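The lines below spell out each chain.
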Amino acid sequence: MSTSSHTPAILQEDDSRGIGKDSVPPADAFSVASTKKEPPPEKPESIRLRSLVLLSFWVIILFLGLPIWWKTTTIYRARLPLDQMMDWADGRACRPVFPLRISIEADSLQDHEAQHLLRTTQHALDDLNDFSAHHLRLQLSPPANATTSAEGVSKGGDEEEVALVIRLLPGTITKADLQSYSPILDVYYTPNQIPSSSSSSSSLATYIANTLQTMFAEEQAMIAYLLSTSSAPPERSPKALAPEVAESLAKWTTRSMKYSRTYHLTFSLFTPNATPSSWDIEAALEEHVKPLLKSFSSISNFTIDTQVQLYATPGVGGNVLKKEDLSGFINAAEWPLSPSIGGAPTVNFIVYVGDMEVEGGGKSWLIPQWGGVVIQSDISDLRPAMLTFSNQLMSLLGAPETGSLPLRLMTLVRRYHQSAFPKALQMVYTPPSSIYAKHAMD
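The structure displayed is predicted, hence computed values, not measured ones.

Draft legend 1. How the structure looks around the overall build of the chain. Of the regular secondary structure elements, the chain holds 11 helices and 12 strands. Surface exposure of the chain reaches about 26,200 Å², of which carbon and sulfur atoms provide 57%.

Structure, rendered in structure tokens:
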């Protein structure tokens with residue numbers, strides 16, 4: 001009680017003395033004004049130095065840094081030769097030419113007679129050939145004492161191989177015999193067929209020209225078909241092929257497999273029961289297939305595997321297979337057929353043990369771009385099946401269907417060389433005669 005009664009008196013006393021919350025200090029109160037010390041004046045040399053540093057910095061940024069940044073961040077756009085590229089795309093850049101060198105051995109003729117026969121035969125060939133892209137060039141072989149190749153194909157001084165050798169041999173009748181194991185054509189003539197130096201043509205030259213034109217007609221048609229389906233300009237396109245020839249070549253391109261540097265071959269034996277459980281496939285491949293594959297070594301490599309499948313039932317039934325049943329004969333759901341291995345196309349060859357036959361009497365057929373099938377009741381002799389597979393393999397690779405085996409092989413190799421190396425159109429290939437001898441098909 002006493003404390004609360006004295007508090008108002010103290011506050012009143014303080015207010016009377018002028019000391020309160022809102023009181024103003026007396027005029028004679030001591031005050032200290034804070035003052036800031038200014039830096040000394042900057043020298044002109046320092047100002048000039050600072051200006052030079054700033055100027056140098058921006059000069060480096062503008063004249064060195066900015067160009068380097070622009071150069072290192074700009075996407076490079078090369079100047080393309082569009083005109084030349086369009087010429088190549090339209091087929092106007094170069095004229096396709098496929099020359100074939102044919103050597104003539106005329107040891108029985110005098111030198112001037114052989115030279116004149118060569119000229120007249122070349123003129124006859126040029127008159128028959130209406131497709132200038134495929135040109136047969138004749139040349140005389142060196143004398144018998146000159147260097148020749150092992151298989152009898154002579155080479156000139158430029159060491160260029162020839163596609164065919166023509167041997168002129170005296171005889172009683174005029175005939176031509178193409179050897180089945182090497183690219184040699186024996187032409188027999190009678191003495192009165194030798195052209196005189198004053199004649200511009202002869203029956204022997206015409207006969208040789210017609211024979212050569214017939215031999216290489218399919219290869220010429222194949223090249224003409226390929227050029228007709230390309231982007232070549234009209235003035236360089238070959239003449240139109242006959243409808244039946246064009247249809248046959250269309251089937252040829254559909255049947256052939258796409259070119260690959262490596263192919264995988266699978267030889268399979270399928271039997272509907274428990275026998276036979278083995279077959280002598282290794283010896284058959286060594287004798288009939290591998291020598292053929294060796295002749296393709298310059299264009300493709302081949303790998304081989306084999307298999308045997310017991311209790312394999314075909315996709316169709318009956319002893320006589322109709323043509324419409326051939327596509328369903330392969331039982332792909334149950335037969336372990338090899339797929340493409342490592343990206344390389346697989347070619348399947350199947351030997352099926354049974355007494356079935358194709359309507360019309362056939363025992364084998366070709367499946368386009370896939371392989372071939374042979375039905376054989378007795379597998380003790382695999383030679384017929386291997387020869388059939390060899391022929392089917394050549395068809396799948398795109399070889400011609402007619403002609404002797406050496407010429408078919410050489411045409412196939414020339415086709416692949418010309419496709420892979422368009423600047424080396426004169427490249428030809430002649431496999432050893434020993435390979436031809438193993439695979440000559442009568």
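Next, the rest of the story.
Draft legend 2. Structural context of the nonpolar core. In this structure, Leu 265, Phe 267, Trp 279, Phe 296, Met 386, Phe 389 and Leu 397 are the most contacted members of the largest nonpolar core, which totals 35 residues. Put simply, the parts of the chain that give this core at least two residues each are β6 (262-270), α8 (281-294), β9 (346-352), α9 (383-397) and α10 (405-420). No other element matches α9, which puts 7 residues into this core. Apart from residues no more than four positions distant in its own chain, Phe 267 is found in contact with Trp 279, Ile 281, Leu 285, Val 289, Ile 304, Asp 305, Thr 306, Gln 307, Phe 349, Met 386 and Phe 389. In this structure, Leu 118, Leu 136, Ile 166 and Val 187 belong to the second largest nonpolar core, which totals 27 residues.

Draft legend 3. Here's a closer look at the pattern of salt bridges. Evaluated as defined, the whole model comprises 5 salt bridges. For Asp 186, the salt bridge is made with Arg 167, and the minimal N-O distance between the two is 2.7 Å. Of this pair, Asp 186 sits in strand β5 (residues 184-189) while Arg 167 sits in strand β3 (residues 164-170), placing them 19 residues apart in sequence. Judged by its relative accessible area of 26%, Arg 167 falls in the partly exposed class.

Draft legend 4. Seen up close, the environment of Ile 102. Locating Ile 102 in the fold gives a position in strand β1 (residues 98-105). Residue classification places Ile 102 among the buried positions, given a relative accessible area of 0%. Taking the C-alpha atoms as reference points, Ile 102 and Ala 163, separated by 61 residues in sequence, lie 5.8 Å from one another. Not counting the four nearest positions on each side in its chain, Ile 102 is found in contact with Leu 136, Arg 137, Leu 138, Gln 139, Leu 164, Ile 166, Leu 212 and Phe 216.

Draft legend 5. View of the packing of helix α4 (residues 111-128) against helix α5 (residues 203-215). Between α4 and α5, the shortest axis-to-axis distance is 8 Å and the interhelical angle comes to 45°. Judged by the inter-axis angle, α4 sits oblique to α5. As α4 runs across α5, the sense of the crossing is right-handed. Contact with α4, carried on its side by Leu 117, Thr 120, Thr 121, Ala 124, Leu 125 and Leu 128, involves Leu 204, Ala 205, Ile 208, Ala 209, Asn 210, Leu 212 and Gln 213 of α5 and no other residues of that element. Taken together, the residues that form the contact of α4 with α5 break down as 9 nonpolar, 4 polar and no charged.

Draft legend 6. Fine view of helix α7 (residues 243-255). Between its first and last C-alpha, α7 extends 18 Å over 13 residues, near the 18 Å set by a 1.5 Å rise per residue. For α7, the set of buried residues is Leu 249, Trp 252 and Arg 255. Buried residues of α7, seen end-on, are gathered within an arc of 120° and therefore sit on one face of the element. Exposed positions of α7 whose direction lies more than 90 degrees from the buried face are Pro 243, Lys 251 and Thr 254.

Draft legend 7. Looking closely at the UniProt feature "transmembrane region" (unreviewed entry) in the chain. Under the feature "transmembrane region" (unreviewed entry), the UniProt entry names residues 52-70. Secondary structure across residues 52-70 divides into 100% helix and 0% strand, with the first and last C-alpha atoms of the span separated by 26 Å.

Draft legend 8. Expanded view of the sheet that holds β5. The mixed open sheet is built from 5 strands, whose spatial order is β2-β1-β3-β5-β4. The open sheet is flanked by β2 (134-140) and β4 (175-178), the only strands paired with a single partner. Sheet twist, expressed as the average angle between the axes of neighbouring strands with direction ignored, equals 25°. The pairing of β1 with β3 spans 4 bridges and is parallel. Along β3, the bridge assignment pairs Ser 103 with Val 165. Docked against the sheet, α4 engages β1, β2 and β3, running at close to 175° with respect to β2.

Reading guide: rules and limits
- Residues numbered from 1 in each chain as written.
- Predicted model: local features only at pLDDT ≥ 70, side-chain atom pairs only at ≥ 80, totals over all residues.
- Heavy atoms only, no water.
- Helix = DSSP H or I, 4+ residues; strand = E, 2+ residues; numbered from the N terminus.
- Areas by Shrake-Rupley, 256 points an atom, 1.4 Å probe, with all protein chains shown as cover.
- Core = buried A, V, L, I, M, F, W, Y, C linked by side-chain atoms within 4.5 Å.
- Buried < 20%, exposed > 50% of the residue type's maximum accessible area, 1.4 Å probe, protein only.
- Contact = heavy atoms within 4.5 Å.
- Salt bridge = Lys/Arg side-chain N within 4 Å of Asp/Glu carboxyl O.
- Axes fitted to C-alpha atoms, helices over the stretch in contact; angles between N-to-C directions.
- Parallel < 35°, antiparallel > 145°, perpendicular 65-115°, else oblique.
- Left-handed = near helix turned anticlockwise from the far one by under 90°.
- Nonpolar A, V, L, I, M, F, W, Y, C, P; charged D, E, K, R; others polar.
- Expected span 1.5 Å × (residues − 1).
- Arc of directions from axis to C-beta.
- UniProt positions renumbered as here; feature names shortened; annotations may be inferred.
- Pairing = 2+ DSSP bridges.

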